[in-house]
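Overview (structure and organization)
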Amino acid sequence: MKKFLFVLTMGFALFSMHFGSGNLVYPLELGATFGQASLPALLGLLVTAVGFPAVGFLSMVLFYGEPKAFFGRFGRLPALLMIGVIVGVMRPFGCLARCVALTHTITSQVYTGISLELFSALSCLLIFFLTFRKNRIVALLGKVLTPFLLVTLTLVMVFGLLTDKSFSPTMEESFSNFYQGLFVGYQTMDLLAALFFCHILFKPLASYAKKENLSLFSLALQTSCVASFLLIVTYAGFGLLAATHADQLQGVAPEFLLIRVSEYVLGAKGALLTMVLVVFACLTTAMALATIFAEFLTVELKFGYGYSLALTCVIAYFGATFGFTSIVAFLAPILQVLYPVLICWSLYHLVRKKVMLPCEESEAHSCALL
């Protein structure tokens, strides 16, 4: 029972780290776009937004949660450059800023009049104070914020799928839709995130494995399964929710899809519930992203953690002021190049260490627990 609760907490924490701004938008966008023919597109999304991130997380576990070791075969300078691009462009300049910008977009539909600049400043201050004590982040995510997130997710999906709308799936242009779903999955950036979220979760996983004399990789696999299951249910639920209401969602910008479908399903109170959902989803992801970049600055530039975190939040503030649409446009071409490289690299390491060189797993386990 104790192990079950630990795995559940770790899985909840990993899920909440993944589930941010893109995860709230892109399943809905696919469902609204393809309607009755959305199942192949959603399946493609699950491959790149759930399957490959799980592969990346488990691959990183075999390198003790250390990005430098994972990218080391590129060479020292290319590895450092790769890490810098991912944690920099994808974090305060990209995903972290996108989380703040999307939260403002949704919140402004309920509380009009608050500027993007003021909202971004207040959000970054909140992120700073919640992540200042980094040793409490995993517990805060897994035991406090994620349960609230799951409750609001469930309410929106259950009420939405129980409405009087019918859904008759078709397989028209299934290959084309599947292919588009694959590329939309890039925009969630979950694979990039998984490679660095592992760094946060590795220490508690390794410590528990040593204490209970368990296989570290097996414990990580179970944690990944919990997070992956929650992501699959969430993506499928939101995708089908949008598909069943596709007629009402035509012409709605992606960042407004969730609040529009919530208003349609739950009435006037739906907007308030959606705002709560977005705040919790983006806040949990933003906390993890801010911590990762702050630790990168601490290690590479020898800044104190507090100063690094403050700099991270300042950069995220300026990134967020560009707005959700501009941030998405900025990230798209980068992800088209970076995502396939990371997919191949993660698969290569997982197969190599767990199939071709299985003895290394036990060595990694021993080294990680020293």
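My aim in this report is to walk through the structure given alongside it, one point at a time. If you're wondering where the values come from, they're calculated on a predicted model, not measured in any experiment. (Residues numbered from 1 in each chain as written. Predicted model: local features only at pLDDT ≥ 70, side-chain atom pairs only at ≥ 80, totals over all residues. Heavy atoms only, no water.)

This part is about the overall build of the chain. Each helix and strand counted, the chain has 17 helices and zero strands in total. Taken across its 370 residues, the chain has 57% of its residues classed as buried. Long-range contacts, defined here as pairs at least 24 residues apart, represent 84% of the contacts in the chain between residues at least 6 apart. Approximately 15500 Å² of the chain is accessible, and the part contributed by carbon and sulfur atoms is 69%. (Helix = DSSP H or I, 4+ residues; strand = E, 2+ residues; numbered from the N terminus. Buried < 20%, exposed > 50% of the residue type's maximum accessible area, 1.4 Å probe, protein only. Contact = heavy atoms within 4.5 Å. Areas by Shrake-Rupley, 256 points an atom, 1.4 Å probe, with all protein chains shown as cover.)

For an α-helix the count is 3.6 residues per turn, leaving residues at separations of three or four pointing the same way. Its 23 residues give helix α3 (residues 39-61) an end-to-end C-alpha distance of 32 Å, which sits within 8% of 33 Å, the value for a rise of 1.5 Å per residue. α3 sits mainly inside the fold: 19 of its 23 residues count as buried. (Expected span 1.5 Å × (residues − 1).)

Note on placement: Ile127 falls in helix α7 (residues 116-131). For Ile127 and Ala290, which are 163 residues apart along the polypeptide, the C-alpha to C-alpha distance reads 7.7 Å.

This part takes up the packing of aromatic side chains. One pass over the full model with this rule turns up 11 aromatic pairs. Ring centres of Phe128 and Phe129 lie 5.5 Å apart, and the angle between their planes is 80°; this geometry places the pair in the edge-to-face category. Its relative accessible area of 61% is what places Phe129 among the exposed residues. Consider the rings of Phe128 and Phe132, whose centres lie 5.6 Å apart with planes at 50°: the pair is tilted. Classification of Phe132 as partly exposed rests on a relative accessible area of 43%. (Phe/Tyr/Trp six-rings, centres within 6.5 Å; stacked < 30°, edge-to-face > 60°.)

This brings us to the environment of Cys313. Within the secondary structure, Cys313 sits in helix α15 (residues 305-320). For the pair formed by Cys313 and Ala290, sequence separation is 23 residues and the distance between their alpha carbons is 7.2 Å. Discounting chain neighbours no more than four positions away, the residues touching Cys313 are Cys124, Ile127 and Phe128.

Where nonpolar side chains cluster on the molecular surface, the patch consists of Leu118, Leu122, Leu125 and Phe129 and spans about 430 Å² of accessible area. Following the sequence through the fold, Leu122 ends up in helix α7. Residue Leu122 is classed as partly exposed on the basis of its relative accessible area, which comes to 48%. (Patch = residues over 30% accessible without salt bridge, like charges linked within 9 Å, V, L, I, M, F, W, Y side chains within 5 Å. Salt bridge = Lys/Arg side-chain N within 4 Å of Asp/Glu carboxyl O.)

Moving on, we get to the pattern of salt bridges. This model, assessed by the stated rule, comprises one salt bridge. Two residues, Glu212 and Lys2, come together in a salt bridge whose shortest N-O distance is 3.8 Å. You can see Glu212 sitting in helix α10 (residues 190-212) and its partner Lys2 sitting in helix α1 (residues 2-18), a full 210 residues away along the chain.

Here the focus is unusual backbone geometry. Its identity as a non-glycine residue notwithstanding, Tyr64 has a phi of 60°, on the positive side. Locating Tyr64 in the fold gives a position in the loop between α3 and α4 (67-70). At Asn213, a position not held by glycine, the phi torsion is positive, near 55°. Along the chain, Asn213 falls in the loop between α10 and α11 (216-244).

Here helix α9 (residues 174-186) spans 19 Å end to end across 13 residues, near enough to the 18 Å set by a 1.5 Å rise per residue. The complete set of buried residues in α9 reads Asn177, Gly181, Leu182, Val184, Gly185 and Tyr186.

Next up on the list: the packing of α10 against α11. Packing of α10 against α11 brings their axes to within 10 Å, and their N-to-C directions diverge by 135°. Classed by the angle they form, the pair α10 and α11 counts as oblique. As α10 packs across α11, the resulting crossing turns out to be right-handed. Across the interface between the two elements, Asp190, Phe202, Leu205, Ala206, Tyr208 and Ala209 of α10 pack against Leu216, Leu219, Ala220, Thr223 and Tyr235 of α11. Across the contact of α10 with α11, the residue classes tally to nine nonpolar, one polar and one charged. (Axes fitted to C-alpha atoms, helices over the stretch in contact; angles between N-to-C directions. Parallel < 35°, antiparallel > 145°, perpendicular 65-115°, else oblique. Left-handed = near helix turned anticlockwise from the far one by under 90°. Nonpolar A, V, L, I, M, F, W, Y, C, P; charged D, E, K, R; others polar.)

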